[in-house]
Amino acid sequence: MKKYRTLWLLFWNFVKISSVSVGGGLTMIPLIEKYFTPPHGDLTPEDIVDTVAFGQSMPGIIAVNMSGFIGMRLAGVAGAVAASFGVIIVPFLLIMFVASLMSYIAGPMADNAFAGVRAGVSALILNSAIKMSRTICKNRLAV
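Residues numbered from 1 in each chain as written. Predicted model: local features only at pLDDT ≥ 70, side-chain atom pairs only at ≥ 80, totals over all residues. Heavy atoms only, no water.

> Mind laying out the environment of A75, listing which residues take part and the relevant values?
Turning to its location among the elements, A75 is positioned in helix α4 (residues 62-105). Residues A75 and A113 lie 38 residues apart in sequence; the distance between their C-alpha atoms is 39 Å. When residues no more than four places from it in sequence are discounted, the contact partners of A75 are K3, T6, L7 and L10. (Helix = DSSP H or I, 4+ residues; strand = E, 2+ residues; numbered from the N terminus. Contact = heavy atoms within 4.5 Å.)

Right, here's the structure in full:
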């Protein structure tokens, strides 16, 4: 029974993360830290750095790679599937919805909205880089 609860939590946490992290895998890092490091989870900051390194080094979508890595680490293959499906489902549905409306919302207002989103995504990525550098850069050789 505990295994099913773990799978559900992996799926649900990644649904929540992917529903608010616009901009891809790197913008997910602060939320992954929130949901999967103490007091809510078992991963350490070093595990998060490993997750990001794995996600970027493997071919494919960084968000799916990171979620699959965390799912595999916490609940095996079933956890990787549950976490990956959780991170995919919301963007898939949103893209389908926006694509069906794109001919109605295209124009300067939509362009300005996307420019604002790009600025927010840049800030989130910078914030993640600063946090991870604190974990990685512990001595001169690491810097």
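Now that the structure is up, let's keep going.
> Now, about the nonpolar core: what can you tell me, with residues and values included?
Counting 24 residues, the largest nonpolar core has L10, F14, I17, M28, I32, F36 and I70 as its most contacted members. At the level of elements, α1 (2-20), α2 (29-36), α3 (45-57) and α4 are the ones that each hand at least two residues to this core. Residue contributions to this core peak at eight residues, all from α4. Contact partners of I17, with chain neighbours within four places excluded, come to M28, L31, I32, Y35 and F36. (Core = buried A, V, L, I, M, F, W, Y, C linked by side-chain atoms within 4.5 Å. Buried < 20%, exposed > 50% of the residue type's maximum accessible area, 1.4 Å probe, protein only.)

> So what's going on with the side chain of S128? Residues and values would help.
Note on placement: S128 falls in helix α5 (residues 108-136). According to the relative accessible area criterion, S128 is buried, its value standing at 3%. For S128, the residues in contact, after removing those within four places along its chain, are L26, I29 and P30.

> Mind laying out a nonpolar patch on the surface, listing which residues take part and the relevant values?
Taken together, the side chains of F97, V98, L101, M102, Y104, I105 and F114 present a nonpolar region at the surface, about 680 Å² in accessible area. The element that contributes the greatest number of residues to the nonpolar patch is α4, accounting for six residues. Of the residues examined, I105 reaches a relative accessible area of 41% and is grouped as partly exposed. (Patch = residues over 30% accessible without salt bridge, like charges linked within 9 Å, V, L, I, M, F, W, Y side chains within 5 Å. Areas by Shrake-Rupley, 256 points an atom, 1.4 Å probe, with all protein chains shown as cover. Salt bridge = Lys/Arg side-chain N within 4 Å of Asp/Glu carboxyl O.)

> Help me get a handle on α2, residues and values and all.
Taken across its eight residues, α2 has six buried, putting it largely inside the fold. Looking at α2, one finds that the buried residues are I29, P30, I32, E33, Y35 and F36. Those residues of α2 that are buried lie in contact with α1, α3, α4 and α5.

> Tell me about the packing of α1 against α4, residues and numbers included.
It is the contact of α1 with α4, at a shortest axis distance of 7 Å, that shows an interaxial angle of 40°. By the angle between their axes, α1 is oblique relative to α4. In terms of crossing hand, the pair formed by α1 and α4 is right-handed. Taken together, the residues that form the contact of α1 with α4 break down as 16 nonpolar, seven polar and one charged. (Axes fitted to C-alpha atoms, helices over the stretch in contact; angles between N-to-C directions. Parallel < 35°, antiparallel > 145°, perpendicular 65-115°, else oblique. Left-handed = near helix turned anticlockwise from the far one by under 90°. Nonpolar A, V, L, I, M, F, W, Y, C, P; charged D, E, K, R; others polar.)

> Let's hear about α1: which residues, and what values?
The end-to-end C-alpha separation of α1 is 27 Å, in line with the 27 Å expected for 19 residues at 1.5 Å each. Of the positions making up α1, those classed as buried are L7, L10, F11, N13, F14, V15, I17 and S18. The inward-facing, buried residues of α1 abut α2 and α4. (Expected span 1.5 Å × (residues − 1).)

> Talk me through the packing of aromatic side chains; I want residue IDs and the actual numbers.
If you walk through the whole model with that rule in mind, you get five aromatic pairs. A network of ring pairs unites the aromatic residues W8, F11, W12 and F85 as a single cluster. (Phe/Tyr/Trp six-rings, centres within 6.5 Å; stacked < 30°, edge-to-face > 60°.)

> Could you give an account of the pattern of salt bridges, with specific residues and numbers?
Counted under the stated rule, the structure contains two salt bridges. One salt bridge in this structure joins K131 and E33, with 3.9 Å as the shortest N-O distance. Of this pair, K131 sits in helix α5 while E33 sits in helix α2, and the two are 98 residues apart along the sequence. Here E33 falls in the buried class, since its relative accessible area comes to 18%.

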